[in-house]
Amino acid sequence: MPDAGFAEAQNLRKVTGAQINAKFVGMQLTDEVHYRFVFERDGTLRSVSAGAKKRGKWTIEKDQLCFYLGESDDGCYDVAQSGRTFTLTPAGLGLPADGILEPISDPQ
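Just so we're clear, the structure is a prediction, and the values are computed from it rather than from any experiment.

Turning our eyes to something else, we now look at the overall build of the protein chain. In terms of helices and strands, the protein chain carries one helix and nine strands. Each helix and strand of the protein chain, placed in order from N terminus to C terminus, yields the pattern β-α-β-β-β-β-β-β-β-β. Of the contacts made within the protein chain by residues no fewer than 6 positions apart, 42% connect residues no fewer than 24 positions apart. Of the roughly 6300 Å² that the protein chain leaves accessible, carbon and sulfur atoms contribute 53%.

Right, let's get into the environment of R84. By the element assignment, R84 lies in the loop between β7 (75-82) and β8 (85-90). Expressed as a C-alpha distance, the spacing of R84 and G99, which sit 15 residues apart in the sequence, is 8.3 Å. Residues contacting R84, with those up to four places away along its chain left out, are G99, I100, L101 and E102.

With 89% of its residues at a pLDDT of 70 or more, the protein chain has an overall mean of 88. Averaged pLDDT values for the elements of the protein chain fall to 92 in strand β4 (residues 44-49) and rise to 97 in helix α1 (residues 17-24). Throughout residues 1-9 the model reports pLDDT below 50, and contacts reaching past four residues in sequence, or to other chains, amount to 12 contacts.

Before going further, it helps to examine the pattern of salt bridges. Inspection of every chain in the model, using the stated rule, returns five salt bridges. The residue D78 makes a salt bridge to K14 at a minimum N-O spacing of 3.5 Å. Of this pair, D78 sits in strand β7 while K14 sits in strand β1 (residues 13-14), and the two are 64 residues apart along the sequence. For D78, a relative accessible area of 30% corresponds to the partly exposed category. Under the relative-accessibility criterion, K14 is labelled exposed at 54%.

We now examine the pairing of β4. As judged from the five bridges shared by strand β3 (residues 35-39) and β4, these two strands associate in the antiparallel manner. Bridge pairing in β4 places V38 opposite R46. Where β3 folds back on β4, the antiparallel hairpin that results is connected by four residues, among which G43 adopts a positive phi of roughly 95 degrees. Where β4 and strand β5 (residues 52-61) come together, six bridges link them in antiparallel fashion. The partner of R46 across the bridge, within β5, is R55.

Looking now at the environment of R41. Here R41 shows up in the loop between β3 and β4. Given a relative accessible area of 67%, R41 falls into the exposed group. It is 9.0 Å that separates the C-alpha atoms of R41 and F24, two residues lying 17 residues apart in sequence. Setting aside its immediate chain neighbours within four residues, R41 contacts V25 and G26.

Reading the values: the criteria
Residues numbered from 1 in each chain as written. Predicted model: local features only at pLDDT ≥ 70, side-chain atom pairs only at ≥ 80, totals over all residues. Heavy atoms only, no water. Helix = DSSP H or I, 4+ residues; strand = E, 2+ residues; numbered from the N terminus. Contact = heavy atoms within 4.5 Å. Areas by Shrake-Rupley, 256 points an atom, 1.4 Å probe, with all protein chains shown as cover. pLDDT = per-residue confidence, 0-100. Salt bridge = Lys/Arg side-chain N within 4 Å of Asp/Glu carboxyl O. Buried < 20%, exposed > 50% of the residue type's maximum accessible area, 1.4 Å probe, protein only. Pairing = 2+ DSSP bridges.

And the structure:
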């Protein structure tokens, strides 16, 4: 999917921790090509990226969405929304990632 389908920066609205919880629980975030993060209700995070599957945890800390998958890019992200598109910007080094929040495609 081309980047043109994703939100433009001026349309982004910051999402609070309570809003993250309300929107992400029981959903998946995906760019529809490269990655998918599944946010289980019990705090389990399932990740599929470049065909590699991982399991870890997700939490909300200080209005940020935090991933713990045992990877170098584990950590917390500011979340912004424009329509169905969400942008996750790392609290530290790294580039933002855009994705669409949708129902889980493979409930387990």
